[in-house]
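Coordinates in review
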Amino acid sequence: MQKQVEYSDAIKTKYPEQVVIVIAKDKNGKVNPVTLGWTMIVSGNPPMMAIAVAKKHYSIEAISYSRCFTICYPSSEMADETLFFGSKSGRDTDKFAECKCNAQPAEKIDSVLLSDAVANFECLLDSQAEAGDHIIFIAKIVCSHMNTEPKKRLYTTAPGHKLGTAS
Ligand SMILES: Cc1cc2nc3c(=O)[nH]c(=O)nc-3n(C[C@H](O)[C@H](O)[C@H](O)COP(=O)(O)O)c2cc1C
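Residues numbered from 1 in each chain as written. Predicted model: local features only at pLDDT ≥ 70, side-chain atom pairs only at ≥ 80, totals over all residues.

Our focus in this paragraph is the site of the ligand. Around the ligand sit 22 residues in total, of which Trp 38, His 57, Ser 59, Gly 86 and Ser 89 are the nearest. Elements that contribute at least two residues to the shell around the ligand include exactly strand S3 (31-36), strand S5 (47-54) and helix H2 (58-66). A breakdown of the residues in the shell around the ligand according to their chemical character gives nine nonpolar, eleven polar and two charged. (Near = placed C-beta within 6 Å. Helix = DSSP H or I, 4+ residues; strand = E, 2+ residues; numbered from the N terminus. Nonpolar A, V, L, I, M, F, W, Y, C, P; charged D, E, K, R; others polar.)

Now the structure itself:
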């Protein structure tokens, strides 16, 4: 049986929600990481993923300029930097420099990989669409990486950006 409720109540049932860190360089070459929950795989062949970024975020400028980005799956040990990247804006902060997380250059795009992440995907922007207050960026995966150590993925487990493992 179902009962009609407000969207704001029903959507609270979505947890756990996956978390990714998306990294794009801006026009000055500054590496700008941003934390996103709204992401999905949208094609298997070729492999493609989509991300939804709020129109007000600095990442819109960086992604629109560089037209490529990394999608990182943070590990359960990366909660602090995931919250940091998701609470400061690249408009007035050099998040990547301040965080001092382990990183390495991407292989096929002009971006970086997070060395301690569970996996990293190098993405080339394919297309974009407006969706209300967000822009959906759809990208082709041109190179994939995974950690040589077994790591658990980080998820949002409850409202208020509470992070943890899914099981
Ligand atoms: C766990 C978590 C999930 C988030 N998910 C999204 C998301 O899906 N889309 C989005 O636009 N912002 C999301 N945010 C908010 C942005 O990460 C945040 O506003 C960030 O400071 C924007 O940085 P920028 O201005 O450098 O782009 C999320 C934040 C956190 C902590």
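Strand order in this open sheet of three strands is S1-S11-S12, and the pairing throughout is antiparallel. The two strands at the open ends of the sheet, each matched to only one other strand, are strand S1 (17-18) and strand S12 (162-164). Two elements, S1 and strand S11 (residues 155-158), share two bridges in a ladder whose sense is antiparallel. By the bridge assignment for S11, Gln 18 is matched with Tyr 155. (Pairing = 2+ DSSP bridges.)

On to the sheet that holds strand S2 (residues 20-25), then. An order of S3-S2-S6-S9-S10-S5-S4 is seen for the seven strands of this open sheet, with the pairing classed as antiparallel. Strands at the two margins of the open sheet, each flanked by one partner only, are S3 and strand S4 (39-44). Taken over all neighbouring pairs, the strand axes of this sheet differ in orientation by 35° on average, direction set aside. Of the pairings in the sheet, the one linking strand S9 (residues 119-131) to strand S10 (residues 134-146) comprises twelve bridges and is antiparallel in character. Residue pairing in the sheet places Phe 121 in a bridge with Ser 144 of S10. (Axes fitted to C-alpha atoms, helices over the stretch in contact; angles between N-to-C directions.)

Membership of the largest hydrophobic core comes to 40 residues, with the highest contact counts inside it found for Val 20, Val 22, Ile 23, Phe 69, Ile 71 and Cys 72. Of all the secondary structure elements, the ones that give two or more residues to this core are S2, S3, S5, H2, strand S6 (68-73), strand S8 (112-114), S9 and S10. Excluding its chain neighbours within four sequence positions, the residues that come into contact with Phe 69 are Val 22, Ile 23, Ala 24, Ile 63, Ser 111, Cys 123 and Ala 139. (Core = buried A, V, L, I, M, F, W, Y, C linked by C-beta atoms within 7 Å. Buried ≥ 20, exposed ≤ 12 C-beta atoms within 10 Å, placed from the backbone. Contact = placed C-beta atoms within 7 Å.)

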